[in-house]
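This is what each chain is made of:
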Amino acid sequence: MKIYNYPSESAKIKVIAISNRGLDFRKEDIAEITRIIEDVRENGDKAVVKYTKRFDAPDLTAESLQVTPDETDIAEKEVDKAFIKSLDRAVSQIKAFHKHQLSKSWINTERPGTLLGQMVNPVGAAGVYVPGAKGGMTPLVSSVLMGVIPAKIAGVRHVSMMTPPTKEGTVNPYLLVAAKKVGADAIFKAGSAWAIAALAYGTETIPKADVIVGPGNIYVTLAKKIVSGTVGIDMIAGPSEILVIADHTANPEFIAADLLSQAEHDPLSSAILVTDSEAIAKAAAAAVEKQVECLSRKEIARESLEKYGVILVVPDLAAAAELANRIAPEHLELQIKDPFEYIGQIRNAGAIFMGNYTPEPVGDYIAGPNHVLPTAGTARFASALSVDHFIKKTSLIHYSEATFKKEAEDIVRLAEIEGLDAHANSVKIRLK
Ligand SMILES: NC(=O)c1ccc[n+]([C@@H]2O[C@H](COP(=O)([O-])OP(=O)(O)OC[C@H]3O[C@@H](n4cnc5c(N)ncnc54)[C@H](O)[C@@H]3O)[C@@H](O)[C@H]2O)c1
Ligand SMILES: N[C@H](CO)Cc1c[nH]c[nH+]1
Ligand SMILES: [Zn+2]
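Within each chain, residue numbers correspond to sequence positions counted from 1 in written order. A letter from A marks each chain and a number from 1 marks each ligand, given out in the order of writing. Since the coordinates come from a predicted model, pLDDT governs what is reported: local features require at least 70, and pairs of side-chain atoms require 80 or more to be given and counted, while whole-chain, interface and lining totals use all residues. Note that water and hydrogens are dropped before the side-chain values are worked out from all heavy atoms of the structure.

- The name given to the protein chain in an unreviewed UniProt entry is Histidinol dehydrogenase, and the organism recorded there is Desulfonema magnum.
- UniProt positions are given in the numbering used here, feature names are shortened, and annotations may be inferred rather than shown by experiment. Annotation of the protein chain in UniProt includes, under Pathway (unreviewed entry), the sentence "Amino-acid biosynthesis; L-histidine biosynthesis; L-histidine from 5-phospho-alpha-D-ribose 1-diphosphate: step 9/9."
- Quoted verbatim from the Function (unreviewed entry) field of UniProt, the annotation for the protein chain is "Catalyzes the sequential NAD-dependent oxidations of L-histidinol to L-histidinaldehyde and then to L-histidine."

Below you can see the structure in the form of structure tokens.
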């Protein structure tokens, strides 16, 4: 990884290139993904099957698009007991965390003659996208939990899970077992933009969703952006990112391992180290070089680090916080002497990991908070996937006759200023 002093012109250019990578869709991709979405909207299952055959599973048919109970039964026999034990711990900790997020309906009668409030309801149907590039080579079991658990806690009646099938037209058994464990109602063998389009518009086999959530590669993210508004989406949860702020107390081997943990996700992932210690910068760069060689996904990690990895040496930790706030990373690790004192300086980050024994993967798998997080600087305004993404709030309003009459004059005046006679009349007619 290259080391730059920050601030400097060259470092600024590098940081801008990294920050812009996630939402920097190519015109050709926008055109192609829009075409795919329209095709699915018009031709339903036929189009979904066509793209799945072309990109993922050459022998898939409309009849085999949905995973059958038999396939899940077979999967249950294929996975080992140790997996179930780890899965159970993750499920229970993720459930416990998300239960805190439940909102309650409320009514207020403080103002005499009124009842005002908010009724909370879950959406009827949700779609959870679970990434699975290269025929399920990286089955993101944890993303099944992160998508389905908050939907079910919110009370969503029907949750469809979408994931790209393997070349043989199957779904990785670990994904199937996880999906059953958390109560996914249907699983479909479709990925990429066609899966998102099928959820947005519905097909003969795939039910239309009210909300689509879940991370994915650039095509998934772009498709979600395009259908947003027709359906609700959680956020732009694109290629993973990590920014580590480290001081002289940090362990360079730990830093390197954590940077690589996100670089290995995708050639478009980004990994940044910001430190006030030149010695740490050099040692971490050397450790990355050494550790990357041992990774099975070293090609991906190398490509990501080459393009979107950087080490920045800043004058002090205040400058590091300022930079982190500007980049608004998905994951921010604080490998510094007193992270608790420091967090007050951080305003923009998807999730903050504090201390040398809280590496990012703790949050990816087991701590409890959701790992579906805003990327590409969208942590400036977006939050982690949560129960809130699956609910909506309806306002409740009731006026007594006496209170209505007391406020009528004000309503009429405001309506007349807006030039809306019919609004004024709907009040005046009740005063006669
Ligand atoms: N932000 C988050 O919270 C978060 C969480 C987990 C994972 N991630 C990210 O999710 C992503 C997962 O990506 P992935 O690739 O492993 O799985 P994916 O399921 O998102 O992508 C694979 C799908 O894309 C299709 N595809 C390949 N080339 C295509 C093309 N040219 N046009 C259209 N579709 C094409 C494949 O056929 C397959 O169906 C990674 O970028 C990872 O960093 C983000
Ligand atoms: N780090 C990813 C979010 O950017 C989530 C994940 C799933 N599995 C491993 N990691
Ligand atoms: Zn990860």
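## Focus on the overall build of the protein chain
So, step 1. Secondary structure summary: the protein chain contains 18 helices and 14 strands in total.
So, step 2. Projected onto the principal axes, the alpha-carbon positions of the protein chain cover approximately 85 × 60 × 45 Å.
So, step 3. Burial classes follow relative accessibility: with a 1.4 Å probe on protein chains only, a residue under 20% of its type's maximum area counts as buried, one over 50% as exposed, and anything between as partly exposed. The burial tally for the protein chain puts 50% of its 432 residues in the buried class.
So, step 4. A contact between two residues is defined here by any heavy atoms of the two lying within 4.5 Å. Looking at the protein chain alone, contacts between residues at least 24 apart form 75% of all its contacts between residues at least 6 apart.
So, step 5. Accessible surface computed for the protein chain: about 20,600 Å², of which carbon and sulfur atoms make up 55%.
So, step 6. Under the counting rule used here, the positive set is Lys and Arg, the negative set is Asp and Glu, and His together with the chain ends is not counted. Note that the charge is assigned to NZ on lysines, CZ on arginines, CG on aspartates and CD on glutamates. Once the 48 positive and 54 negative side-chain charges of the protein chain are each reduced to a mean point, those two points are 3 Å apart. Every helix listed is a DSSP run of H or I at least four residues long, and every strand listed is a run of E at least two residues long, numbered separately from the N terminus. Computed with the Shrake-Rupley method and a 1.4 Å probe, the accessible areas treat only the protein chains shown as cover for residues.

## Considerations on the pairing of strand 10 (residues 270–275)
So, step 1. Among the six residues in strand 10, six count as buried, and that is most of the element.
So, step 2. Burial along strand 10 is two-sided: the residues Ser270, Ile272 and Val274 and Ala271, Leu273 and Thr275 are all buried.
So, step 3. Sheet topology places strand 9 (residues 241–246) next to strand 10; six bridges connect them, and they run parallel. Bridge pairing in strand 10 links alanine 246 to threonine 275.
So, step 4. By convention, a crossover is right-handed whenever its connection, traced from the first strand over the helix to the second and viewed with the strands pointing away, goes clockwise. Where the polypeptide runs from strand 9 across helix 11 (residues 252–263) and back to strand 10, its parallel neighbour, the crossover connection is right-handed.
So, step 5. Whether two strands pair depends on DSSP finding at least two bridges between them. Sheet topology places strand 10 next to strand 11 (residues 309–313); five bridges connect them, and they run parallel. If you follow leucine 273 over to strand 11, its bridge partner there is isoleucine 311.

## Focus: the nonpolar core
So, step 1. If you look at the biggest cluster of nonpolar residues, it comprises 43 residues, and the most contacted ones within it are Leu87, Val144, Leu145, Val156, Met161 and Phe390.
So, step 2. Of all the secondary-structure elements, those providing two or more residues to this core are helix 5 (81–99), strand 4 (125–129), helix 7 (141–154), strand 5 (158–163), helix 8 (173–182) and strand 7 (211–213).
So, step 3. Per-element accounting of this core gives the leading share, nine residues, to helix 7.
So, step 4. Excluding residues within four positions of it along the chain, valine 144 makes contact with Val130, Ile149, Met161, Leu175, Ala178, Ala179 and Val182.
So, step 5. Judged by nonpolar contacts, the second largest core, of 34 residues, contains Ala47, Tyr51, Leu199 and Leu222. Nonpolar cores were defined as sets of buried Ala, Val, Leu, Ile, Met, Phe, Trp, Tyr and Cys residues, with membership established by side-chain atoms within 4.5 Å.

## A closer look at the side chain of threonine 275
So, step 1. Inspection of the secondary structure assignment puts threonine 275 in strand 10.
So, step 2. Dropping the residues within four chain positions of it, threonine 275 is found in contact with Ala246, Asp247, Ile280, Ala281, Leu312, Val313 and Val314.

## Considerations on the coordination of the zinc ion (ligand 3)
So, step 1. Water is not among the atoms examined, so metal sites may look incomplete; donors are the N, O and S atoms within 2.8 Å of the metal, or within 3.2 Å for Na, K and Ca. Protein-derived ligands of the zinc ion (ligand 3) are His265 (NE2) and Asp364 (OD), with the metal-ligand distances lying across 2.1 to 2.2 Å.
So, step 2. Irregular is the default label, applied whenever a site is not tetrahedral (four donors, all angles between 85 and 135 degrees) and neither square planar nor octahedral (four or six donors, opposite donors over 155 degrees apart, all other angles between 65 and 115). Coordination at the zinc ion (ligand 3) is irregular: its four donor atoms span angles of 82 to 175° at the metal. Taken together, the positions of histidine 265 in the loop between helix 11 and strand 10 and aspartate 364 in helix 16 (residues 360–365) put the pair 99 residues apart, joining distant regions of the chain.
So, step 3. Judged by relative accessible area, histidine 265 falls into the partly exposed class, the value being 31%.

## Details of the UniProt feature "binding site: Zn(2+)" (unreviewed entry) in the protein chain
So, step 1. Look at the UniProt record and you will see "binding site: Zn(2+)" (unreviewed entry) annotated at Gln262, His265, Asp364 and His423. A maximum C-alpha distance of 55.8 Å is found for the annotated residues, which run over 162 residues; spatially they are spread out rather than grouped.
So, step 2. Leaving out residues up to four positions away in the same chain, histidine 265 has contacts with Ser240, Arg297, Ile300 and Asp364.
So, step 3. In this structure, histidine 423 sits in helix 18 (residues 421–428).
So, step 4. Of the residues examined, histidine 423 reaches a relative accessible area of 49% and is grouped as partly exposed.

## Describing the pattern of salt bridges
So, step 1. Basic side-chain nitrogens of Lys or Arg form a salt bridge, by our definition, when they fall within 4 Å of a carboxyl oxygen of Asp or Glu. If you walk through the whole model with that rule in mind, you get 23 salt bridges.
So, step 2. Across the pair glutamate 253 and lysine 290 runs a salt bridge, and its minimum N-O distance is 2.9 Å. One end of the pair, glutamate 253, is in helix 11; the other, lysine 290, is in helix 12 (residues 278–292), with 37 residues separating them in the sequence.
So, step 3. Arginine 302 is paired through a salt bridge with glutamate 293; the nearest N and O atoms lie 2.5 Å apart.
So, step 4. Sharing partners across several salt bridges, the network here consists of Glu289, Glu293, Lys298 and Arg302.

## Digging into the domain arrangement of the protein chain
So, step 1. Each assigned domain of the protein chain is listed with its residue range as follows: domain 1 (3–23 + 239–368), domain 2 (27–101 + 122–233) and domain 3 (400–428).
So, step 2. With centres defined by C-alpha atoms, the gap from domain 1 to domain 3 works out at 58 Å. Source of the domain bounds: an automatic or database domain assignment.

## A few points about the site of ligand 2
So, step 1. We define proximity as follows: a residue is near a molecule or strand when any one of its heavy atoms falls within 4 Å of that partner. Taken together, Leu140, Ser142, Ser240, Gln262, His265, Glu330, His331, Glu360, Asp364, Tyr365 and His371 make up all the residues around ligand 2.
So, step 2. Any pair of N or O atoms that falls within 3.5 Å is considered a polar contact. Within protein, one atom must be able to donate a hydrogen and the other to accept it, and sequence-neighbouring residues count only if both atoms are side-chain atoms. Between ligand 2 and glutamate 330 there is a distance of 2.6 Å, counted from an oxygen atom to a side-chain nitrogen or oxygen.
So, step 3. In the complex, 92% of the free accessible area of ligand 2, which totals 290 Å², lies under the protein chains.
So, step 4. Among the elements that make up the shell around ligand 2, the one with the highest residue count is helix 16 (three residues).
So, step 5. Its residues assigned to classes, the shell around ligand 2 shows two nonpolar, six polar and three charged. Classes in brief: Ala, Val, Leu, Ile, Met, Phe, Trp, Tyr, Cys and Pro nonpolar; Asp, Glu, Lys and Arg charged; the others, Gly included, polar.

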